[in-house]
Amino acid sequence: MSFLHWSLIGGLAVITAPILLHLFGQRQPQLIDFPALKFVRQTRREQRSSWQLRHFLLLLLRVLLLAMLALALARPRVHSAMIGSMIGVSGLLVVAALASLIAAVALVSKRPLAITLSAGVIAVALWIAAGLWGYRSLASGPAVPSSDQSAPVAAALIIDNGPSMAYRAANELRLDRATQLATWVLDKLPIDSRVGVLTGAPVGSLSLDPATAKAQVKLIEQRGAHVDLVTRVRTALDLVLASELERKEIYVVTDLASSSWSTASEDLKLALEQHVDEVLLQIIDVGDTDLANWRLGDAVPEFQTVPEGGEVTIEVTVERTEVTNQQFAAVELLQEVMDPTLPVISEGKLKTPAMRAVARADDIDLTSTRTATVKLTASDLEAGTHNFLVRLNHPDPLMIDNERYVTVLAQAQRPALVVADDANIANYLQLSIDPSGLESRPGVALCEQVRYAQFGQVPLERFAVVCLYDPPRMSAQQITSLKEHVLGGGGLLLLLGQQLTLPEAKKSLEELLPGKLSDVRQLDPADRNNFFQPIALSHPVFQSFGQIASDVPWNLYPVFSHWSFNTLADNMQLLVNYSDGSGPAVLMQPMGRGQVITITTPIPEPQRLDRPLWNELSVGADTWPSFFLLLGCVRALSGADQARVNYAVGESISLKNDPLRWPSRYELFLPSAQTRSLQAVDGELSLGQFDQPGFYRLRGQRSGPVTRAVSVNVPAADTSLDRLTEVQLDERIGSGTYRLARDRNEIESSVGQARYGRELYPLLMVFVAGLFLAEQAMSNRFYKIKLKYGVT
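Since we're looking at a predicted model, the values are computed, not measured.

Criteria and thresholds
- Residues numbered from 1 in each chain as written.
- Predicted model: local features only at pLDDT ≥ 70, side-chain atom pairs only at ≥ 80, totals over all residues.
- Heavy atoms only, no water.
- Pairing = 2+ DSSP bridges.
- Helix = DSSP H or I, 4+ residues; strand = E, 2+ residues; numbered from the N terminus.
- Axes fitted to C-alpha atoms, helices over the stretch in contact; angles between N-to-C directions.
- Buried < 20%, exposed > 50% of the residue type's maximum accessible area, 1.4 Å probe, protein only.
- Contact = heavy atoms within 4.5 Å.
- Salt bridge = Lys/Arg side-chain N within 4 Å of Asp/Glu carboxyl O.
- Parallel < 35°, antiparallel > 145°, perpendicular 65-115°, else oblique.
- Left-handed = near helix turned anticlockwise from the far one by under 90°.
- Nonpolar A, V, L, I, M, F, W, Y, C, P; charged D, E, K, R; others polar.
- Right-handed = clockwise from strand over helix to strand, strands pointing away.
- Core = buried A, V, L, I, M, F, W, Y, C linked by side-chain atoms within 4.5 Å.
- pLDDT = per-residue confidence, 0-100.
- Expected span 1.5 Å × (residues − 1).
- Patch = residues over 30% accessible without salt bridge, like charges linked within 9 Å, V, L, I, M, F, W, Y side chains within 5 Å.
- Areas by Shrake-Rupley, 256 points an atom, 1.4 Å probe, with all protein chains shown as cover.
- Phe/Tyr/Trp six-rings, centres within 6.5 Å; stacked < 30°, edge-to-face > 60°.
- Lys NZ or Arg CZ within 6 Å of the ring centre and 35° of its normal.

## Brief notes about the sheet that holds strand E39 (residues 739-741)
Alright, step 1. Spatially, 5 strands are ordered E6-E3-E7-E8-E39 in an open sheet, and the strand pairing comes out parallel. The open sheet terminates on both sides in strands that have one partner only, identified here as strand E6 (194-198) and E39. Averaged over all pairs of adjacent strands, the angle between their axes in this sheet comes to 20°, without regard to strand direction.
Alright, step 2. Looking at chain direction, strand E3 (residues 153-159) and E6 are connected through 5 bridges and run parallel. Among the inter-strand pairings, Leu 157 is bridged to a residue of E6, identified as Val 197.

## Focus on helix H8 (residues 266-274)
Alright, step 1. By the burial criterion, the buried members of H8 are Leu 268, Lys 269, Ala 271 and Leu 272.
Alright, step 2. Taken together, the buried residues of H8 touch helix H7 (229-241), strand E8 (279-285) and helix H13 (726-733).

## Structural notes on the pattern of salt bridges
Alright, step 1. Under the definition given, this model contains 26 salt bridges.
Alright, step 2. With a shortest N-O distance of 3.0 Å, Glu 319 and Arg 295 are connected by a salt bridge. Taken as a pair, Glu 319 in strand E12 (residues 312-320) and Arg 295 in strand E9 (residues 294-296) lie far apart in primary sequence, 24 residues in all.
Alright, step 3. Judged by its relative accessible area of 21%, Glu 319 is partly exposed.
Alright, step 4. Within the structure, one salt-bridge network assembled from shared partners comprises Glu 332, Arg 360, Asp 362, Arg 391 and Glu 403.

## Brief notes about the packing of helix H9 (residues 423-433) against helix H12 (residues 624-638)
Alright, step 1. Close contact between H9 and H12 brings their axes to 8 Å; oriented N to C, the two are set at 70°. Considered as vectors, H9 and H12 are oriented roughly perpendicular to each other. In this structure, H9 crosses over H12, and the sense of that crossing is right-handed. Of the residues in H12, those in contact with Tyr 428, Leu 429, Leu 431, Ser 432 and Ile 433 of H9 are Ser 626, Phe 627, Leu 630, Leu 631 and Val 634.
Alright, step 2. Per-class residue counts for the contact of H9 with H12 are 8 nonpolar, 2 polar and no charged.

## Brief notes about the pairing of E8
Alright, step 1. Counting buried residues in E8 gives 7 out of 7 residues, a clear majority hidden from the surface.
Alright, step 2. Here E8 shows two buried faces, one formed by Val 279, Leu 281, Ile 283 and Asp 285 and the other by Leu 280, Gln 282 and Ile 284.
Alright, step 3. Here strand E7 (residues 247-254) runs beside E8; their pairing, made up of 7 bridges, is parallel. Note on E8: the bridge partner recorded for Ile 250 is Leu 281.
Alright, step 4. Once the chain exits E7 it traverses H8 before rejoining the sheet at E8, and the crossover so formed is right-handed.
Alright, step 5. The pairing of E8 with E39 spans 3 bridges and is classified as parallel. When the sheet's bridge partners are listed, Gln 282 is paired in E39 with Arg 739.

## Some details on the nonpolar core
Alright, step 1. Core analysis: the largest hydrophobic core is formed by 41 residues, its most contacted members being Leu 493, Phe 532, Ile 597, Ile 599 and Leu 629.
Alright, step 2. Where this core is concerned, the elements lending two or more residues are strand E20 (416-419), H9, strand E24 (465-469), strand E25 (491-495), strand E29 (573-578), strand E30 (584-591), strand E31 (594-599) and H12.
Alright, step 3. In terms of residue count, H12 provides more of this core than any other element does, 6 residues in total.
Alright, step 4. Once residues within four sequence positions are removed from consideration, Leu 493 is found in contact with Val 466, Cys 467, Leu 468, Ile 597, Ile 599, Leu 630, Cys 633, Val 634 and Leu 637.

## Remarks on the sheet that holds strand E38 (residues 705-713)
Alright, step 1. Spatial ordering of the open sheet is given by E32-E38-E37-E34-E35, a layout of 5 strands whose pairing is mixed. Each end of this open sheet is capped by a strand with a single partner; those strands are strand E32 (646-648) and strand E35 (675-679). The sheet shows a mean angle of 30° between the axes of neighbouring strands, taken without regard to direction.
Alright, step 2. Looking at chain direction, strand E34 (residues 665-669) and strand E37 (residues 694-701) are connected through 3 bridges and run antiparallel.

## Describing the confidence of the model for the protein chain
Alright, step 1. Overall, the predicted model of the protein chain reaches an average pLDDT of 82, with 81% of residues at or above 70.
Alright, step 2. The low-confidence segment residues 438-443 (pLDDT under 50) makes 12 contacts with residues lying over four places distant or belonging to another chain.

## A closer look at helix H10 (residues 476-487)
Alright, step 1. Its 12 residues place the ends of H10 16 Å apart at the C-alpha level, agreeing with the 16 Å of an ideal helix rising 1.5 Å per residue.
Alright, step 2. Positive phi shows up at Gly 489, right after H10, with a value of about 115°.

## Comments concerning a nonpolar patch on the surface
Alright, step 1. Taken together, the side chains of Val 94, Leu 98 and Leu 101 define a hydrophobic patch exposed on the protein surface, amounting to about 240 Å² of accessible area.
Alright, step 2. Mapped onto the secondary structure, Leu 98 falls in helix H3 (residues 83-108).
Alright, step 3. Exposure remark for Leu 98: the relative accessible area of 48% places this residue in the partly exposed category.

## Topic: the pairing of E25
Alright, step 1. Of all 5 residues making up E25, 5 are buried, and the element is well covered by its neighbours.
Alright, step 2. Of the two faces of E25, the one carrying Gly 491, Leu 493 and Leu 495 and the one carrying Leu 492 and Leu 494 are both buried.
Alright, step 3. Pairing of E24 with E25, which is carried by 5 bridges, proceeds in the parallel orientation. Paired with Leu 468 across the bridge in E25 is Leu 494.
Alright, step 4. This β-α-β element, E24 to H10 to E25, shows right-handed connectivity.

## What about the packing of aromatic side chains?
Alright, step 1. Taken as a whole, this structure holds 9 aromatic pairs when the rule is applied.
Alright, step 2. Aromatic pair Tyr 405 and Phe 695: ring centres 5.1 Å apart, planes at 85°, arrangement edge-to-face. Here Phe 695 lies in strand E37 and Tyr 405 lies in strand E19 (residues 403-411), a separation of 290 residues in the sequence. Each member of the pair Tyr 405 and Phe 695 is classed as buried.
Alright, step 3. Pairing Tyr 428 with Phe 627 gives two aromatic rings, centres 4.7 Å apart and planes at 40°, and the pair type is tilted. Taken together, the residues span a long stretch of sequence, with Tyr 428 in helix H9 and Phe 627 in helix H12 at a distance of 199 residues.
Alright, step 4. A relative accessible area of 15% means that Tyr 428 is categorised as buried.
Alright, step 5. Through a chain of ring-to-ring contacts, three or more aromatic side chains come together here, namely Phe 532, Phe 542, Phe 545, Trp 554, Tyr 578, Trp 624 and Phe 628.
Alright, step 6. Here the basic side chain of Arg 708 rests over the ring of Trp 662, its NZ or CZ set 4.0 Å away from the ring centre.

## Concerning the environment of Thr 385
Alright, step 1. Position of Thr 385 among the secondary structure elements: in strand E18 (residues 384-392).
Alright, step 2. Overall, Thr 385 belongs to the buried group, its relative accessible area being 16%.
Alright, step 3. With 312 residues separating them along the chain, Thr 385 and Arg 697 place their C-alpha atoms 9.9 Å apart.
Alright, step 4. With sequence-adjacent residues up to four places away left out, Thr 385 is seen in contact with Met 338, Thr 407, Val 408, Leu 409, Thr 707, Arg 708 and Ala 709.

Right, here's the structure in full:
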């Protein structure tokens with residue numbers, strides 16, 4: 001405990017005044033013997049002890065009244081964490097005083113001795129308990145903050161600049177309001193304070209003065225990614241604890257969006273609880289409770305890479321909050337016109353190709369629901385990189401989630417070669433590889449067929465993928481050609497079947513297999529409990545299934561016979577297993593710059609009379625899983641689904657850069673009209689991480705200008721306006737470890753209590769008022785009794 005005015009403690013000497021007046025203010029009575037008074041002498045002696053006790057109680061009340069008034073004017077302070085203990089001690093003192101009064105009244109009134117003793121014992125116990133509690137609280141409790149308001153502060157300032165801070169209310173962005181409050185807080189700091197502004201960049205110490213920190217706060221920009229405030233608070237706590245300054249404060253200015261407090265940290269909770277009396281964690285809420293917003297969910301293209309002349313379908317959700325009046329909206333798809341001369345920087349501005357609308361969904365009805373799904377399609381894509389903008393035509397307070405950026409790469413695809421002796425099987429495979437027909441564009445075949453007898457005369461360099469269906473014994477020259485094709489970057493799809501049962505056929509194919517083949521495992525045709533079981537659904541092989549990859553009813557397509565392996569290569573990747581655990585069904589193995597996919601049962605498997613079926617994956621009319629699986633294998637082997645060009649803010653972006661196809665040097669154009677020079681290394685082009693959404697364009701030179709691009713988006717989850725409740729905030733950083741304020745008055749009150757402690761003046765004045773009333777009541781009663789009996 002400390003006092004704001006130590007000099008007024010000397011005022012306690014005034015308590016001697018009523019004592020002196022009591023001792024010297026009594027007149028000695030004169031002895032006058034009146035015979036008429038001999039009958040009241042006995043009564044006077046009996047009343048004398050009662051009057052003396054009343055006189056003593058009145059004296060005690062007056063002494064306590066003056067002492068309490070002197071203490072109140074001295075303005076004692078305790079740490080804010082001890083105010084609860086002080087209130088408890090005060091309550092105990094009140095009860096002790098009441099018990100003492102009851103004991104005194106019982107004594108004066110000559111009540112039974114048991115009542116007097118009981119009240120007295122209880123009063124003494126309460127006085128002792130109050131004294132011990134108060135002493136222990138003051139001795140072991142946190143030290144009272146310095147009363148010197150000019151003492152410097154070690155302050156860490158965190159401003160939430162995530163996507164939700166772009167919400168506009170009352171014609172003001174949340175981020176603008178946050179920076180204004182942060183500047184005001186810095187103005188309130190003593191001039192010698194040391195400050196650190198945590199904006200995501202590493203901060204090693206509190207090295208700024210308040211004026212420099214204000215200038216840095218004004219430079220804070222909106223981020224496209226959510227801010228991990230829990231981690232920043234942990235960093236800020238370490239910084240202020242490392243400071244030698246006595247006062248340590250952390251300020252977090254946020255709208256309490258749940259995305260910025262997505263994680264809970266037990267380590268942070270324990271640290272804040274341990275230093276709760278030493279460090280002030282002040283959270284300043286700049287959010288709103290009544291929110292109205294329309295937004296787009298994550299835009300998902302069906303494929304990120306499509307064949308030249310193909311089409312792409314982009315799926316996106318439209319959502320609204322409950323607090324909206326309009327129930328209809330429109331979404332349009334804009335496609336950037338391909339222009340190899342752009343982008344360029346002109347007069348400090350980024351000049352990009354124009355955009356044209358290619359699809360639109362009007363009158364999206366959200367009257368009865370808050371979410372609707374929209375599909376927009378762009379077709380006839382020429383070879384190159386295509387940028388699409390999905391736009392929600394519904395302005396609202398948060399515009400950052402009304403646009404989504406999508407990039408799609410259309411490749412001039414080399415055809416695939418199907419090698420099969422059965423024409424029906426070859427046609428089935430060709431249709432699976434090219435679902436749109438035998439040609440994607442007039443005169444450009446995406447798939448060709450040959451028999452094994454013709455295979456030796458085919459130049460494999462013309463093909464991106466070679467598909468061998470049920471390969472027989474192959475010559476050493478054919479195996480060498482296939483191996484060179486794969487090592488050079490081509491793809492090979494092996495569909496193992498009946499013909500490998502010949503030992504010489506199995507031996508000839510060993511160099512291309514992902515392991516040493518064992519025997520064919522055969523099941524009873526009546527046993528339909530063995531089927532494909534995918535275990536790597538995120539692999540590009542399954543991208544052709546789209547959203548239903550995890551819902552394919554593979555159990556409807558049993559497998560009765562398949563090849564198994566004794567051993568497998570270390571670099572083999574298992575994609576599909578058999579449900580009975582009998583071995584791998586689909587495997588992928590890298591080989592040089594290319595890859596080999598092996599399927600251990602033949603697809604397709606038409607009904608035959610000369611031998612039992614190996615599987616029912618392509619039997620009957622409903623054979624779509626086998627179509628999609630074969631398409632996915634061919635597309636994965638050709639690299640069509642491996643070129644990722646859509647990213648989220650904050651992700652590291654790296655692109656494949658084949659030196660035979662792409663230039664090695666590029667100029668990177670950012671949406672902010674800034675540029676960077678990039679150099680590909682070992683076939684990889686690293687772009688880094690970006691905090692802002694938009695198109696990031698690359699421009700290089702080969703035989704002519706070469707343009708590429710990637711899209712960067714804000715994840716839909718990061719634009720959610722759901723706010724944390726105080727209970728949820730307690731779960732993240734611990735209950736009682738922080739203070740919450742919403743405006744300047746609340747901030748001043750909260751910070752003032754933390755810096756300078758809590759004054760006991762209001763509590764003491766309550767006691768002063770109570771003592772004054774008690775003194776008045778007793779003095780009136782006392783003098784009334786004296787007059788009644790005529791005592792002077």
